[in-house]
Structures are given as C-alpha cells and as structure tokens.
Amino acid sequence: TRYLRRTTEPFNWLDVPYDSEREPRAAEVVDLVKDFGLSQGFFVPIPSAAGTYGNVWMAGPWPNLTARTKPALYLIELYAFDWVHRLLGPLPDQ
C-alpha cells in the first residue's frame, strides 16, 4: 500500500521495491501470495485530487502482461472501479 500512495501509474506488484531485512512482513506477503498461485499481479491506482482514492488489481499464475495488453487492462480496471463505485456509492470518509 505504501507504493500505491506514491504513484498514479499502473505497475506489476513484483516490481515494487522493498528491503526484506527491514520489511520482513513484505517478504512474507510476497511468499504467501506466490503460495496461492498469484505469482504475477497488476495494480491500477485510482487517483483523486486528495491522493489515491482506491485501487484495482488482478493476479494469476500466468497473466499475459505485455506492453500491448497492459493499456487494455488499465482501461478495464478503471472501468471496473467506476462501475463498482456507481453501484455502491462513494467510499466512507477515512
């Protein structure tokens, strides 16, 4: 979540830098997610004027994350977030 707050660009979750010695929980999460077969993940932060409003991610063992498919996934995830937001209404204040 730290990286999500600092970027507005979509990213592969395995590309997020972390120090496994200083952040052992991050290393634990990486291992745990791989154990569930989610070795590749793609995050799309949903920005707002006040910062990151939300995010959408998809993951799987063999996603087709190429320079050609990432822009399509980006649009799909933005649309999905907007659709859920319309169905459920605004997020509660934090």
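If you're wondering where the values come from, they're calculated on a predicted model, not measured in any experiment.

About the cut-offs
- Residues numbered from 1 in each chain as written.
- Predicted model: local features only at pLDDT ≥ 70, side-chain atom pairs only at ≥ 80, totals over all residues.
- Heavy atoms only, no water.
- Helix = DSSP H or I, 4+ residues; strand = E, 2+ residues; numbered from the N terminus.
- Buried < 20%, exposed > 50% of the residue type's maximum accessible area, 1.4 Å probe, protein only.
- Lys, Arg positive; Asp, Glu negative; His and termini not counted.
- Salt bridge = Lys/Arg side-chain N within 4 Å of Asp/Glu carboxyl O.
- Contact = heavy atoms within 4.5 Å.
- Phe/Tyr/Trp six-rings, centres within 6.5 Å; stacked < 30°, edge-to-face > 60°.
- Pairing = 2+ DSSP bridges.
- Patch = residues over 30% accessible without salt bridge, like charges linked within 9 Å, V, L, I, M, F, W, Y side chains within 5 Å.
- Areas by Shrake-Rupley, 256 points an atom, 1.4 Å probe, with all protein chains shown as cover.

A. View of the side chain of E77. For E77, the position within the fold is in helix α3 (residues 69-88). No salt bridge is formed by the buried E77. Its closest oppositely charged neighbour is K70, at 11 Å. Once you skip the residues sitting within four places of it in the chain, E77 turns out to touch F42, F43, V44, V56, W57 and M58.

B. Focus on the packing of aromatic side chains. What the rule picks out here adds up to five aromatic pairs. The interplanar angle of 85° and the centroid separation of 4.7 Å between the aromatic rings of Y3 and F11 together place this pair among those described as edge-to-face. In this structure Y3 comes out as partly exposed when scored by relative accessible area, which is 29%. Exposure remark for F11: the relative accessible area of 9% places this residue in the buried category.

C. Focus on the environment of P17. Locating P17 in the fold gives a position in the loop between β1 (11-12) and α2 (24-35). Placed 14 residues apart in sequence, P17 and Y3 show a C-alpha to C-alpha distance of 8.5 Å. Non-local contacts of P17, meaning those with residues more than four positions away in its chain, are made with R2 and Y3.

D. Focus on the pattern of salt bridges. This model, assessed by the stated rule, comprises two salt bridges. Note that D82 and R86 form a salt bridge whose closest N and O atoms lie 2.9 Å from each other. Linking D82 with R86, this pair stays in helix α3, spanning four residues, or about one helical turn. For D82, a relative accessible area of 31% gives the class partly exposed. R86 gets classed as exposed once you look at its relative accessible area, which sits at 60%.

E. Spatial organisation of the pairing of strand β3 (residues 51-60). As paired elements, strand β2 (residues 40-48) and β3 share nine bridges and run antiparallel to each other. Residue pairing across strands places F42 opposite M58, the latter belonging to β3. Between β2 and β3, which pair antiparallel and follow one another directly, the connecting turn spans two residues.

F. Representation of a nonpolar patch on the surface within the structure. A grouping of Y79, W83, V84, L87 and L88 is seen on the molecular surface, where their side chains present a nonpolar patch of about 620 Å² in accessible area. For V84, the location among the structural elements is in helix α3. Owing to a relative accessible area of 43%, V84 belongs among the partly exposed residues under this scheme.

G. Here's a closer look at the pairing of β2. Pairing geometry for β1 and β2, over two bridges, is antiparallel. What sits directly across from F11, in β2, is F43.

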